[in-house]
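# Fold and geometry: a report
Each chain, written out:
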Amino acid sequence: MSFEEDVKKLCDLSKLEIPDEMIMEAAKKVGDVLALFSKLDEFRKSDYDIRIENDLRVEKSYSSLRADQSPDINTDNNGDRFEFQPLNIKDGFIVGPRI
Amino acid sequence: MSQLFRQPANVIVSKIKQGEVTAEEYISVIIDRINSTDAEINSFITKNFEHALERSKAIDKKIQKGQTTGILAGIPVGIKDNISVKGLKNTCASKMLSDYVSPYNATVIENIEREDGIIIGKLNMDEFGMGTTSELSAYGPVKNPWNRDYVAGGSSGGSAAAVSSLQIPISLGSDTGGSIRCPASFCSVIGLKPTYGSVSRNGLVSYSNSLEQIGPIARTIFDIVPILNTISGEDKMDNTTVGLKNSYRIKSIEEILSNRLKVGILSELIQSAESQIARGIQEKIKVLEKFSFDFEDAKLSIIDFAVAAYYVIASAEASSNLSRFDNIRYGYYSSPEGYEWKSYFSKSRSLLGDEVKRRILLGTYVLSAGYFGKYYAKAQLVRSTIKNEFEKLLQKYDIILLPTMPVLPFKLGERISNPVDLYNLDLFTILANLTGFPSISIPAGISHEGFPFGIQLIANAFDEQKLIDVAVLFEKEFDYKEWYKDL
């Protein structure tokens, strides 16, 4: 399958229309950016001292975010208790920023 | 009186509070200024002049009655067109939202109005904040006040150009990968990206919500401080905000110098910038050496992967966030007759611009099951590694110093056809977004051809005060608030 066909499939998945006459140009530019993304293939985790902390993996059960249910997990990765008290809760769910 | 537009906001507030000038007189001067210059700059999408005059009269009445007024009393603030202002169009510079009127105020707008600031209008930008030049707007490109054939930088190009061209003293932008600092550098104004979580994003139209942050632009650090104090703080409508309410202030030079600041210089990045920028920044560092800072070379080992990781994450979040623009939740009127849901959805989104479509496609691709580990998971690992490296650097140094942009402003249309070329220009600014740390761009000089460039400072999370302190020293030494082009 050509890359143009791949881009058409992507358009379908993304609910986007790109006219046929522009698919080649769109595919070329998407291909150029994917070539940039391929730089990540050179990244080797073992070359770096990576500390994975809460910013990457937060092990919280969904129920811990519910005010109407008692949390079944209330410890972090180290076994310490964490407290999470969002200010704005509606019907037991956190209300995030609008839009 | 007619030259009041040249004055910084902090001076005008004093004049208004002391009765030397009324808020209405000042706003009238500003309206005249915008009307006489905006055809050349194209920084405004929506003008809110009637409301601004009404508000100014109300502030004058408060003063006449001896009531207390806020720290922004009578000051017009321009708002990037992706921040919601009740009753005003919120187009995000997109045809898709050309008729969308916001039904509520963003929290930052509520805060500004509480301090008696006046929302003067909505400012031009790259569509949905996706761009580095402010050329990708459905309302035409923003032009650089220093040379109208050149780009103003982006995506908050209207916010920077309006301040630089003395249309308004203060504006708000949003910064996802340098969108405040890049145009600040290209237009010779100050742009601050606060720490992620220190300013509410409630009411900001999300493009990449783990990276973006609302922040101020002004010509002097003395105007950045009051607007930053106004907009920062915890907000119950945005649970990513943090409950630290720092009160920022302008310290005396003696007080600033009483702490011997350690500055880490990213020399490799300085050397990789255009030669005039590299030379200009080295000269500024030499001048600052008299302040007895400790300057040291700092190194980042993982810089090569930053652009790829940033754009993978930003595209992934964009493809998710922009799915709401489907003509059902958000969009424009278009008859659904003859369409089933999916084709109606696709048809309606044909009004999105090419760059926006490209990022949605890329986001869909990198999140698809077969590629998730190759792109998205790896990008998040790179992000964590960059954050770790910065944390280590900021244990050693108070401030990290680097150029804001590697290039000077370039001609309109010159780079628009090459997305990768534009993405690579963001290398210096995306670091603060990937890490969440606060960062400021300060005017650092003017090239031989007459184009401004900026110096960028990054501090630890919630250490904006250190950025302000160094900016005060810069302003005292170089008086950059007087660098502007007369239109």
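Residues numbered from 1 in each chain as written. Chains lettered and ligands numbered in written order. Predicted model: local features only at pLDDT ≥ 70, side-chain atom pairs only at ≥ 80, totals over all residues.

### Concerning the overall build of chain A
Selection criterion: Only DSSP runs of H or I covering at least 4 residues are called helices, and only runs of E covering at least 2 are called strands; the numbering of each starts at the N terminus. Three exposure classes are used, all based on how many other C-beta atoms lie within 10 Å of a residue's own C-beta (placed from the backbone): buried at 20 or more, exposed at 12 or fewer, and partly exposed between those limits. Whether two residues are in contact is decided by their C-beta atoms, placed from the backbone, lying within 7 Å.
Scanning chain A from N- to C-terminus turns up two helices and two strands. Its helices and strands taken in sequence order, chain A reads α-α-β-β from the N to the C terminus. A buried classification covers 16% of the 99 residues belonging to chain A. A separation of at least 24 residues holds for 16% of the contacts in chain A among residues at least 6 apart in sequence.

### Quick word on the overall build of chain B
This is how it is decided: For the radius of gyration, the atoms used are the C-alpha atoms, and the globule rule reads 2.2 Å times the number of residues raised to 0.38.
Check the secondary structure of chain B and you find 17 helices and 13 strands. What you see for chain B is a C-alpha radius of gyration of 21 Å, in line with the 23 Å of a compact globule of 487 residues. In terms of overall dimensions, chain B has a C-alpha envelope of 65 × 55 × 45 Å along the principal axes. Long-range contacts, defined as pairs at least 24 residues apart, comprise 76% of the intrachain contacts of chain B with a sequence gap of at least 6.

### Let's talk about the confidence of the model for chain A
All names here are of chain A. Rule in force here: The predictor attaches a confidence to each residue, and that confidence, scored 0 to 100, is pLDDT.
Overall, the prediction assigns chain A a mean pLDDT of 72, with 49% of residues at 70 or greater. When pLDDT is averaged over each element of chain A, helix α2 (residues 20-37) comes out on top at 94 and strand β2 (residues 93-94) at the bottom at 64. Predicted confidence is poor over residues 55-59, with pLDDT under 50, and the contacts of this stretch with residues over four places away or in other chains come to six contacts.

### Quick notes on unusual backbone geometry
All names here are of chain B. Backbone torsion omega between Gly154 and Ser155 reads 10°, so that peptide bond is classified as cis. Position of Ser155 among the secondary structure elements: in the loop between β5 (147-151) and α5 (157-164). The backbone of Asn42 shows a phi angle near 65°, a positive value even though the residue is not glycine. Among the residues examined, Asn42 registers 21 C-beta atoms within 10 Å and is labelled buried. You will see that Ser134, though not glycine, has its phi angle at about 60°, which is positive. Residue placement: Ser134 occurs in the loop between β3 (118-123) and β4 (143-144). On the neighbour-count criterion, Ser134 (35 C-beta atoms within 10 Å) is buried.

### Re the nonpolar core
To keep things clear, this is the line we draw: By convention in this section, buried Ala, Val, Leu, Ile, Met, Phe, Trp, Tyr and Cys residues joined through C-beta atoms within 7 Å make up a nonpolar core.
Counting 158 residues, the largest nonpolar core has Ile190, Ala306, Ala309, Val312 and Ala471 of chain B as the members making the most contacts within it. Residue contributions to this core peak at 11 residues, all from helix α11 (residues 306-321) of chain B.

### Brief notes about the packing of α11 of chain B against helix α13 (residues 354-367) of chain B
Residues and elements named next belong to chain B. Our working definition: Angular values range over 0 to 180 degrees, each being the angle between N-to-C directions of two axes fitted as lines to C-alpha atoms, with helices fitted over their stretch in contact. Should an angle fall under 35 degrees it is called roughly parallel, over 145 degrees roughly antiparallel, and 65 to 115 degrees roughly perpendicular, with every other angle called oblique. Gly counts as polar in this scheme, as do all residues outside two lists: the nonpolar Ala, Val, Leu, Ile, Met, Phe, Trp, Tyr, Cys and Pro, and the charged Asp, Glu, Lys and Arg.
Across the interface, α11 lies against α13 with an axial gap of 7 Å and an inter-helix angle of 100°. As the angle between them shows, α11 and α13 are arranged roughly perpendicular. Here Val312, Ser315, Ala316, Ala318 and Ser319 of α11 lie close against α13, whose contacting residues are Arg359, Ile360, Leu362, Gly363, Thr364, Val366 and Leu367. A breakdown of the residues in the contact of α11 with α13 according to their chemical character gives seven nonpolar, four polar and one charged.

### Describing the confidence of the model for chain B
Summing up the model confidence of chain B, the mean pLDDT is 95 and the portion of residues at 70 or higher is 100%. Taken together, the chains of this predicted complex give a pTM of 0.91 and an interface ipTM of 0.91.

### Overview of the sheet that holds strand β6 (residues 170-175) of chain B
Residues and elements named next belong to chain B. The cut-off we apply is this: Whether two strands pair depends on DSSP finding at least two bridges between them.
Spatially, β1-β3-β2-β6-β8-β7-β12-β13-β11-β9-β10 is the arrangement adopted by the 11 strands of the open sheet, whose pairing is mixed. The open sheet is flanked by β1 (44-47) and β10 (294-297), the only strands paired with a single partner. Ignoring which end each strand starts from, the neighbouring axes of this sheet average 30° apart. Across three bridges, the pairing between strand β9 (residues 262-265) and strand β11 (residues 399-403) is parallel. Within the sheet, the bridge partner assigned to Ile265 lies in β11 and is Leu401. Strands β6, β7 (190-193) and β8 (213-218) of the sheet are contacted by helix α7 (residues 221-231), whose axis makes an angle of about 150° with β8.

### Here's the deal with the interface of chain A and chain B
Contact with chain A, which involves 33 residues of that partner, is made by 46 residues of chain B. No other element matches α2 of chain A, which puts six residues into the side of chain A that touches chain B. For the side of chain A that touches chain B, the residue count by class is 21 nonpolar, three polar and nine charged.

### Describing the pairing of β3 of chain B
Residues and elements named next belong to chain B. Where burial is concerned, most of β3 is hidden: six out of the six residues are buried. Examined bridge by bridge, β1 and β3 share three bridges and lie antiparallel to one another. For Phe44, the partnering residue across the bridge sits in β3 and is Leu123. Relative to β3, strand β2 (residues 76-80) is paired through five bridges, and the arrangement is parallel. In the strand pairing of β3, Val77 is matched with Ile119.

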